[in-house]
Amino acid sequence: MPVLKTLTKVAKQVLQSPGCGCRPSVIPVRCLGVSPRQVASDASFHSISFSETDHPRVLITGGLGQLGVGLAKLLRKRFGKNNVILSDIRKPPNNVFHSGPFIYSDILDFKNLREIVVNNRITWLIHYSALLSAVGEANVRLARAVNITGLHNILDIAAEHGLRLFVPSTIGAFGPTSPRDPTPDLCVQRPRTIYGVSKVHAELMGEYYHYRHGLDFRCLRYPGIISSDSQPGGGTTDYAVQIFHDAIKTGKFECNLKPDTRLPMMYIDDCLRATLEILETPADALSMRTYNINAMSFSPEELVQEIRKHVPEFQVTYNVDMVKQAIADSWPMNFEDSNARNDWGWKQEYDLPELVTTMLSFLSADSRLAHAY
Ligand SMILES: NC(=O)c1ccc[n+]([C@@H]2O[C@H](COP(=O)([O-])OP(=O)(O)OC[C@H]3O[C@@H](n4cnc5c(N)ncnc54)[C@H](O)[C@@H]3O)[C@@H](O)[C@H]2O)c1
């Protein structure tokens, strides 16, 4: 009977919960266990100077992918090197290992995650680990484990320790029945990839934990992200990164999407800045917990035209990958992001011409350097 009473009380609390800024009603705590594992973090990470004590203590999961290293660099500039830990299950390259704290963390290992959060007094958790769209379709079982079971671990740890949690979502969280031009924040979401399904699940679970447990969950739906110094991790928008490398290296590119496939895109600096901005926005300014953000929208043929303004002899052929094309055809062509602009002042700095100039100048400087050695 007491159990029934408690359940009824909890159900009432959920139904009556005010929606945001609510105090945690019941925090899900998994069985406490003692792990023999030691966190292999740099000892200096534990000795914080007084000026650093007001800063968040940040853990980035899946930090060795396309976005994590750049985000760590940005956050370290703002909060101090030792306040931001990168983690992954892969071995970091030398330059990353020596640029600040790095530790091994498998998000499927709940105790290991908890140990890291406790030992390092983490206050912000940025959850980047995921299998992206094309890779996920090739290994659905692993994608389900990492993107769904792993997320559950992250949510429980974040709720248990009162962390601010950022989880990125994607244009892939929409599907063929969503409005595609433009796609608003709130509309039908019936994606047909395991990646998309797992990201809708993440959005809904994060919001549920927010309303149910008071978790400070924040989520941005990133467009395809374009970067010069990090390789993409197997998504459908990867062509828009590879094309710049090939334009500089060989002057030729084989595109795996049709020339008129229009998708929302963003330069990495805008994406990382948006992430920091939403994390720093006071909770009462957020009218929602999951926002679209956009910067530009283009097709391969439009991107090629823009690149040819700088590399006139650039040759492009099309050899369509049917899996990627089917995914792209079900995704938004344009993203409606007025809520982000109104609530916390989101504004991109890079449009298509600026993106192309920046990418080509970075990569040509790199290739000149490489030839000099
Ligand atoms: N890059 C984009 O264009 C883009 C667009 C929209 C959303 N996102 C989202 O942003 C986040 C980061 O994207 P990215 O491009 O850097 O991804 P990525 O694929 O390049 O990197 C993901 C990282 O997760 C790690 N990982 C895999 N399994 C793990 C596990 N069990 N435990 C810990 N780490 C594990 C991988 O080793 C990898 O380094 C992802 O959640 C992705 O869905 C990215």
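Per chain, the residues get numbers from 1 upward, laid out in the order the sequence is written. The predicted nature of this model means local features are confined to residues of pLDDT at least 70 and side-chain atom pairs, given and counted, to a pLDDT of 80 or more, with totals for whole chains, interfaces and linings taken over all residues. Side-chain metrics rest on all non-hydrogen atoms present in the structure, leaving aside hydrogens and water.

Let's talk about the pattern of salt bridges
Just to be clear on terms, a salt bridge is a Lys or Arg side-chain nitrogen sitting within 4 Å of an Asp or Glu carboxyl oxygen. A complete count under the given rule lists 13 salt bridges for this structure. Residues Glu-203 and Arg-221 are paired through a salt bridge, measuring 2.7 Å at the closest nitrogen-oxygen approach. Linking Glu-203 in helix H7 (residues 194–213) with Arg-221 in strand S7 (residues 216–222), this pair joins segments that are 18 residues apart in sequence. With respect to class, Glu-203 is no different from Arg-221; both count as buried. As a salt-bridge pair, Glu-306 and Lys-309 come within 3.0 Å of each other at their nearest N and O atoms. Each of Arg-164, Asp-216, Arg-218 and Arg-289 takes part in one network of salt bridges that share partners. Labels follow the DSSP assignment, with helices taken as runs of H or I lasting at least four residues and strands as runs of E lasting at least two, numbered in each case from the N terminus. Exposure categories follow from relative accessible area, calculated using a 1.4 Å probe and restricted to protein chains: below 20% of the type maximum is buried, above 50% is exposed, and the middle band is partly exposed.

Some remarks on the packing of aromatic side chains
Pairs were defined over the aromatic rings of Phe, Tyr and Trp, the Trp ring being its six-membered one, requiring ring centres within 6.5 Å. Orientation was assigned from the angle between planes: stacked under 30 degrees, edge-to-face over 60, tilted for the rest. For the structure shown, the criterion picks out eight aromatic pairs. Pairing Tyr-291 with Trp-344 gives two aromatic rings, centres 6.0 Å apart and planes at 80 degrees, and the pair type is edge-to-face. Here the residue Tyr-291 occupies a position in strand S11 (residues 290–292), and Trp-344 occupies one in helix H12 (residues 338–344), the gap between them amounting to 53 residues. A relative accessible area of 0% means that Tyr-291 is categorised as buried. Since its relative accessible area comes to 9%, Trp-344 is described here as buried. On the basis of an interplanar angle of 40 degrees and a centroid distance of 6.3 Å, the ring pair of Trp-344 and Trp-346 is categorised as tilted. As far as burial versus exposure is concerned, Trp-344 and Trp-346 are alike and both buried.

Here we look at the packing of helix H4 (residues 110–119) against helix H6 (residues 140–160)
If you want to describe how two helices pack, look at the angle between their axes and the distance between the axes. In the contact formed by H4 and H6, the axes pass within 10 Å of each other and the chain directions differ by 35 degrees. Considering only the axes of H4 and H6, their crossing is right-handed. Residue-level inspection shows Phe-110, Leu-113, Arg-114 and Val-117 of H4 in contact with H6, the latter providing Asn-153, Ile-154, Asp-156, Ile-157 and Glu-160. Charged residues are taken to be Asp, Glu, Lys and Arg, nonpolar residues to be Ala, Val, Leu, Ile, Met, Phe, Trp, Tyr, Cys and Pro, and polar residues to be all remaining types, Gly included. Of the residues assigned to the contact of H4 with H6, the class counts are five nonpolar, one polar and three charged. For helices, the fitted line uses only the C-alpha atoms of the stretch in contact; every axis is such a line through C-alpha atoms, and the angle between N-to-C directions lies from 0 to 180 degrees. A crossing counts as left-handed when the near helix is turned anticlockwise from the far one by less than a right angle, and as right-handed when that turn is clockwise. Whether two residues are in contact is decided by their heavy atoms: any pair within 4.5 Å suffices.

Brief notes about the confidence of the model for the chain
Mean pLDDT over the chain: 89, with 84% of residues reaching 70 or higher. Per-residue confidence from the predictor is given as pLDDT, running between 0 and 100. Here residues 31–52 is modelled with pLDDT under 50, and outside its nearest four sequence neighbours on either side it reaches 40 contacts, counting other chains as well.

Focus: the sheet that holds strand S12 (residues 296–298)
By the convention used here, strands pair only if DSSP detects at least 2 bridges between them. With respect to topology, three strands assemble into an open sheet ordered S8-S10-S12, the strand pairing being mixed. Each edge of the sheet is formed by a strand with only one pairing partner; in this case those strands are strand S8 (224–226) and S12. The mean angle between the axes of side-by-side strands here comes to 45 degrees, regardless of whether they run parallel or antiparallel. One ladder, built from three bridges, connects S8 with strand S10 (residues 263–267); its direction is parallel. By the bridge assignment, Ile-226 is partnered in S10 with Tyr-267.

Some points on helix H11 (residues 322–329)
Every buried residue of H11 is accounted for by Lys-324, Gln-325, Ile-327 and Ala-328. Buried residues along H11 cover an arc of 160 degrees about the axis, so they all sit on one side. Each element contacted by the buried residues of H11 is listed here: helix H5 (133–138) and S10. Between N or O atoms, a polar contact is any pair within 3.5 Å; within protein, one atom must be a potential hydrogen donor and the other a potential acceptor, and residues adjacent in sequence are included only when both atoms are from side chains. Between the side-chain oxygen of the N-cap and the backbone nitrogen of Val-323 there are 2.9 Å, and the N-cap of H11 in question is Asp-321. This arc describes the spread of directions from the helix axis toward the C-beta atoms.

Here's the deal with the site of the ligand
Near, as used in this document, describes a residue that has one of its heavy atoms within 4 Å of the molecule or strand being considered. Of all residues adjacent to the ligand, which total 26 residues, the nearest are Gln-66, Asp-88, Arg-90, Asp-106 and Tyr-195. Contact distances for the ligand include 3.4 Å between an oxygen atom and a backbone N or O atom of Gly-65. At a separation of 2.9 Å, an oxygen atom of the ligand approaches a polar backbone atom of Leu-67. Here the accessible surface of atoms and residues is derived via Shrake-Rupley with a 1.4 Å probe, and residues count as covered only by protein chains that are part of the display. A total of 830 Å² of accessible area belongs to the ligand in isolation, and the protein chains cover 93% of it. Elements that contribute at least two residues to the shell around the ligand include exactly strand S6 (169–170), H7 and S8. Its residues assigned to classes, the shell around the ligand shows 13 nonpolar, nine polar and four charged.

Here we look at the nonpolar core
Here, nonpolar core means buried Ala, Val, Leu, Ile, Met, Phe, Trp, Tyr and Cys residues that are tied together by side-chain atoms lying within 4.5 Å of each other. By size, the foremost hydrophobic cluster in this structure holds 69 residues, and its most contacted members are Ile-60, Phe-244, Phe-298, Leu-303, Ile-307 and Trp-344. Per-element tally for this core: the top contributor is helix H9 (residues 268–280), with seven residues. Listed in part, the 28 residues of the second largest apolar core include Val-146, Ile-154, Val-167 and Cys-219.

Thoughts on the packing of helix H8 (residues 239–249) against helix H10 (residues 300–308)
The N-to-C vectors of H8 and H10 enclose an angle of 30 degrees; their axes lie 11 Å apart at closest approach. Judged by the angle between their axes, H8 and H10 are roughly parallel. The crossing of H8 and H10 is right-handed. Seen from H8, the contacting residues are Tyr-239, Ala-240, Ile-243, Phe-244 and Ala-247; seen from H10, they are Pro-300, Leu-303, Val-304 and Ile-307. Working definition: roughly parallel below 35 degrees, roughly antiparallel above 145 degrees, roughly perpendicular at 65 to 115 degrees, and oblique for all remaining angles.

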